Amino acid sequence: MDVSQSKLSRSVETVEWNPESAKQVGFGLEGSSPETVLRWGFEHFAPSIVMATGFGPEGIVLMHLVSEIRPETIVFYLDTDLLFAHTYELRDELVKRLGIRFERVHSGISLPEQAFRHGDKLWERDPDTCCQIRKVIPQRQFLAGYSAWITGIRRDQTAFRANTGLVEWDYANKMIKLNPLAAWTNDQVWEHIKTHDLPYNVLHDYGYPSIGCWTCTNPVESGQDPRSGRWGGRKTECGIHLPSIGKQ
Ligand code: SF4
């Protein structure tokens, strides 16, 4: 059941955003469609709201919806210098097909510079530090200029994401975080992509359910945990979502 937009709008007009008020709005929107959650976010935060994508299937669905509801929305991606060529091709296809306004977010640290400071192939020895340098810190700096961000995370992706709210407080970035697809299943995501004939990363057809940096992404066998191909099974999160889920 979708929550009445006008009712929600009235209820949050005087709200000061903090973990509790965000949780209350998230509860109120529970059962709503992703479109309703997005409209709520745009109504309350535009133009100070951006969408994040790693070009996974959830991001494709959200970009499709965003392109129909508020096409001028900036969609940012973290360019680690280690993305698959297929990922850049998909980015360019999304510009053509959906008119997405992408913004590239980069650490400002080249791979040779990282190797000089931390040693070669840091991702093999210390993937947490590598993700901090190439993803978490650049994203934190970028988000500092906004009030809310939109992500494609879903509850059934990992144990850490099981309690994800449709709207929640991002403790790390001290801002509102919208997860419009939190309650969706993997099947719903792919049904939407197929129904609307949306482009997606061709690597998904070759056993890669979850795709990040080519250095830390492997195909998985049918029936395996879709995220087990990331970081060789050593971890399941790069760190950009963790602080939103539990209190610091
Ligand atoms: S996914 Fe791997 S290569 Fe990419 S930033 Fe994280 S550790 Fe580094």
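Novice: Tell me about the packing of aromatic side chains, and name the residues and values.
Specialist: According to the stated counting rule, one finds 11 aromatic pairs in the structure shown. An angle of 85° between the planes, with centres 6.0 Å apart, marks the rings of Tyr77 and Phe102 as edge-to-face. Here the residue Tyr77 occupies a position in strand E2 (residues 74–78), and Phe102 occupies one in strand E3 (residues 101–105), the gap between them amounting to 25 residues. Between Phe84 and Tyr208, the aromatic rings sit 6.0 Å apart at their centres with planes inclined by 75°, giving edge-to-face as the arrangement. Here Phe84 is found in the loop between E2 and helix H5 (85–98), whereas its partner Tyr208 is found in the loop between helix H9 (186–195) and helix H10 (242–245), with 124 residues between them in sequence.

Novice: Can you lay out the site of the ligand for me, pointing to particular residues and giving the numbers?
Specialist: In the region of the ligand, 11 residues are neighbours, and Cys130, Cys131, Cys213, Thr215 and Cys216 sit closest. Counting residues per element, the shell around the ligand draws most heavily on helix H8 (residues 127–143), which supplies 5 residues. Residue composition of the shell around the ligand, grouped by class: 8 nonpolar, 1 polar and 2 charged.

Novice: I'd like to hear about the sheet that holds E3, residue by residue, with values.
Specialist: One open sheet accounts for 6 strands, arranged E3-E2-E1-E4-E6-E5; its pairing is mixed. The open sheet terminates on both sides in strands that have one partner only, identified here as E3 and strand E5 (167–170). The sheet shows a mean angle of 35° between the axes of neighbouring strands, direction not considered. Where strand E1 (residues 49–52) lies against strand E4 (residues 148–150), 3 bridges are found, and the strand directions are parallel. Bridge pairing links Val50 to Trp149 in E4.

Novice: Give me the lowdown on the pattern of salt bridges, citing residues and values where you can.
Specialist: A complete count under the given rule lists 9 salt bridges for this structure. Among the ionic pairs, Glu30 bridges to Arg155, the shortest N-O distance being 3.0 Å. Taken as a pair, Glu30 in the loop between helix H2 (19–29) and helix H3 (34–45) and Arg155 in the loop between E4 and E5 lie far apart in primary sequence, 125 residues in all. Take Glu30: its relative accessible area is 33%, and that puts it in the partly exposed class. Linking Asp81 and Arg104 is a salt bridge whose minimum nitrogen-to-oxygen distance equals 3.7 Å. Linking Asp81 in the loop between E2 and H5 with Arg104 in strand E3, this pair joins segments that are 23 residues apart in sequence. The class of Arg104 is partly exposed, set by a relative accessible area of 44%. Within this structure, Asp79, Asp81, Arg104 and Arg134 form a network of salt bridges that share partners.

So, how was this worked out
Residues numbered from 1 in each chain as written. Predicted model: local features only at pLDDT ≥ 70, side-chain atom pairs only at ≥ 80, totals over all residues. Heavy atoms only, no water. Phe/Tyr/Trp six-rings, centres within 6.5 Å; stacked < 30°, edge-to-face > 60°. Helix = DSSP H or I, 4+ residues; strand = E, 2+ residues; numbered from the N terminus. Near = heavy atom within 4 Å. Nonpolar A, V, L, I, M, F, W, Y, C, P; charged D, E, K, R; others polar. Pairing = 2+ DSSP bridges. Axes fitted to C-alpha atoms, helices over the stretch in contact; angles between N-to-C directions. Salt bridge = Lys/Arg side-chain N within 4 Å of Asp/Glu carboxyl O. Buried < 20%, exposed > 50% of the residue type's maximum accessible area, 1.4 Å probe, protein only.

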